[in-house]
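Chain by chain, the residues:
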Amino acid sequence: MRTPIIAGNWKMHKTYDGAMDLVEALMDELDNVEGAEVVLCPPFPWLLAVAEYLEETPILLGAQDCYWADEGAFTGEVSALMLKDLTQYCIVGHSERRALFGETDESVNKKVHALIEHGIRPICCVGEREAEREAGETDTFVTGQVRAALAGVSAEGALMIVMAYEPIWAIGTGRAATAEEANRVCGLIRNAIEELYGAPTAEGVRIQYGGSVSGRNAAELMRQPEIDGALIGGASLRADEFAAIVRAAAEG
Ligand code: 13P
């Protein structure tokens, strides 16, 4: 039985005051929620302050990106080594980083290795653009991204990873994938993992869906057998909406 995992990717939102207000509201909303793992991924500057808030709670913390080298002349970067005392999770390969900041399958793979080495669980994003979808290439594209991200990773390492299927056309558009389609592609990702590592590992890896998840569509998505949680953008910035999704996952 895989525990569902709901992660809030705040992206580049919230000032310090806004971040603290959101965490405080989330504490009230998420008091007593059991049956789902909850991860908050605020911007880098607020990680420490949010970590202090979360200290006595079961809610976990994630970064939105990292660099693979431990230290060095890499102005502006933050290493997995630096994050390891602070966060339990780190998002890698988000489509915004791939599209806007030059992230490649190779750099995603290096980050996955660095995170595993430092005991941080990667939330590894994959997903096709509208163009691949329309060309009927979703399956080969997504499978290729999964294989590239996992290159050289051991089965033990793979079990630390949470995969996140985020079709790019569904991100921030209000046009989520249907539960059926999201479930189908998450199943495909699991098959790719099974081919690499065998069934026991594939059965253990959690696979999230992300892209316009809201309090309204969460229950149906979370009921799908291959979907083990969600990566939330816009709706993670509202405590009531995020909590509704967490409750849907806990019940699903
Ligand atoms: P939205 O939930 O705003 O569509 O964003 C999804 C996402 O990119 C999470 O990483």
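Up top you'll find the structure we're talking about.
Conventions adopted
Residues numbered from 1 in each chain as written. Predicted model: local features only at pLDDT ≥ 70, side-chain atom pairs only at ≥ 80, totals over all residues. Heavy atoms only, no water. Helix = DSSP H or I, 4+ residues; strand = E, 2+ residues; numbered from the N terminus. Rg over C-alpha atoms; globule rule 2.2 N^0.38 Å. Buried < 20%, exposed > 50% of the residue type's maximum accessible area, 1.4 Å probe, protein only. Contact = heavy atoms within 4.5 Å. Areas by Shrake-Rupley, 256 points an atom, 1.4 Å probe, with all protein chains shown as cover. Lys, Arg positive; Asp, Glu negative; His and termini not counted. Charge placed at Lys NZ, Arg CZ, Asp CG, Glu CD. Near = heavy atom within 4 Å. Polar contact = N/O pair within 3.5 Å; in protein donor to acceptor, adjacent residues only side chain to side chain. Pairing = 2+ DSSP bridges. Right-handed = clockwise from strand over helix to strand, strands pointing away. Core = buried A, V, L, I, M, F, W, Y, C linked by side-chain atoms within 4.5 Å. Axes fitted to C-alpha atoms, helices over the stretch in contact; angles between N-to-C directions. 1 Å grid on protein atoms, 1.4 Å probe; cavity = no way out; pocket = protein on both sides within 12 Å on 5 of 7 lines; lining within 4 Å. Points joined across faces, edges and corners; volume = space filled by probe spheres on them.

**Q** In this structure, what is going on with the overall build of the protein? I would like to understand it.
**A** From N to C terminus, the protein includes 12 helices and eight strands. Relative to the 2.2 N^0.38 estimate, which gives 18 Å for 252 residues, the radius of gyration of the protein is 17 Å and therefore close to what a compact globule would have. On the principal axes, the C-alpha backbone points of the protein span a range of 45 × 45 × 35 Å. Every one of the 252 residues in the protein was classed for burial, and the buried ones make up 55%. By sequence separation, contacts in the protein at least 24 residues apart represent 72% of the contacts at least 6 residues apart. For the protein, the exposed surface amounts to about 11,400 Å²; the carbon and sulfur share of it is 50%. A distance of 4 Å separates the average location of the 20 positive side-chain charges in the protein from that of its 40 negative side-chain charges.

**Q** Is there a simple way to think about the environment of F141 in this case?
**A** The topology assignment puts F141 in helix α7 (residues 138–150). Between the alpha carbons of F141 and V126 there is a distance of 9.0 Å; along the sequence they are 15 residues apart. In contact with F141, other than residues within four places in its own chain, are G127, E128, R129 and E132.

**Q** Just to check I follow, could you spell out the site of the ligand for this structure?
**A** Residues in close proximity to the ligand total 13 residues, the closest being K11, H94, G172, S212 and G234. Within the side chain of K11, a nitrogen or oxygen atom sits 2.8 Å from an oxygen atom of the ligand. Taking G172, its main chain carries an N or O atom lying 2.7 Å from an oxygen atom of the ligand.

**Q** What exactly am I supposed to notice about the pairing of strand β3 (residues 60–63) here?
**A** Consecutive residues of a regular strand have side chains that alternate between opposite faces of the sheet. Bridge analysis of strand β2 (residues 37–41) against β3 gives two bridges, and the strand direction is parallel. Within β3, the residue paired with V39 across the bridge is L60. Taken together, β2, helix α2 (residues 47–54) and β3 constitute a β-α-β crossover, and its handedness is right-handed. Direction of pairing for β3 relative to strand β4 (residues 89–92): parallel, over a ladder of two bridges. Bridge assignment links G62 to a residue of β4, and that residue is Y89.

**Q** Where do I start with the nonpolar core in this structure?
**A** Looking at soluble globular proteins, one finds that nonpolar side chains tend to be buried together. Membership of the largest hydrophobic core comes to 77 residues, with the highest contact counts inside it found for M163 and I189. Not counting residues within four places of it along the chain, the set of residues in contact with M163 comprises C124, V126, V146, I189, I193, V205, R206, I207 and Q208. If you look at the next biggest cluster of nonpolar residues, it comprises 11 residues, including I91, C125, A164 and L231.

**Q** Please clarify how α2 should be interpreted in this entry.
**A** For the α-helix, the turn length of 3.6 residues means that residues three or four positions removed from each other point alike. Residues of α2 that are buried: L47, A49, V50, A51 and L54. The elements touched by buried residues of α2 are α1 (16–30), β2, β3 and α3 (80–83).

**Q** Help me understand the sheet that holds β3 in this model?
**A** Strand-to-strand pairing in sheets goes through backbone hydrogen bonds, with the strands running parallel or antiparallel. With respect to topology, eight strands assemble into a closed barrel ordered β1-β2-β3-β4-β5-β6-β7-β8, the strand pairing being parallel. Across the sheet, the axes of successive neighbouring strands diverge by a mean angle of 25°, strand direction being ignored. As paired strands, strand β5 (residues 121–126) and strand β6 (residues 162–165) are joined by four bridges and run parallel to one another. If you follow V126 over to β6, its bridge partner there is Y165. Contacting β2 and β3, α2 crosses the sheet at an angle of about 170° to β3.

**Q** Is there a simple way to explain unusual backbone geometry in this structure?
**A** For residues besides glycine, phi is generally negative; the peptide bonds are generally trans as well. Here the phi dihedral of K11 falls at roughly 50°; this positive angle occurs in a residue that is not glycine. Positionally, K11 belongs in the loop between β1 (5–9) and α1. One non-glycine residue, S212, lies in positive phi territory at about 60°. Here S212 is to be found in the loop between β7 (206–210) and α11 (218–222).

**Q** So what exactly am I meant to see when it comes to empty space enclosed by the protein here?
**A** Unoccupied space between atoms shows up once a probe the size of one water molecule is rolled over them. Enumeration over the complete set of coordinates arrives at one cavity of 30 Å³ or more. Approximately 40 Å³ is the volume attributed to the largest cavity. As for the largest cavity, its lining consists of G93, S95, R98, C125, V126, G127, Q145, E166 and I168. Put simply, the parts of the chain that give the lining of the largest cavity at least two residues each are α4 (95–100) and β5.

**Q** In this structure, what is going on with the environment of L221? I would like to understand it.
**A** Position of L221 among the secondary structure elements: in helix α11. Each C-alpha atom of the pair L221 and C186 lies 11 Å from the other, and the pair is 35 residues apart in sequence. Other than its neighbours up to four places away in sequence, L221 contacts A177, A179, A182, Y209, V213 and I227.

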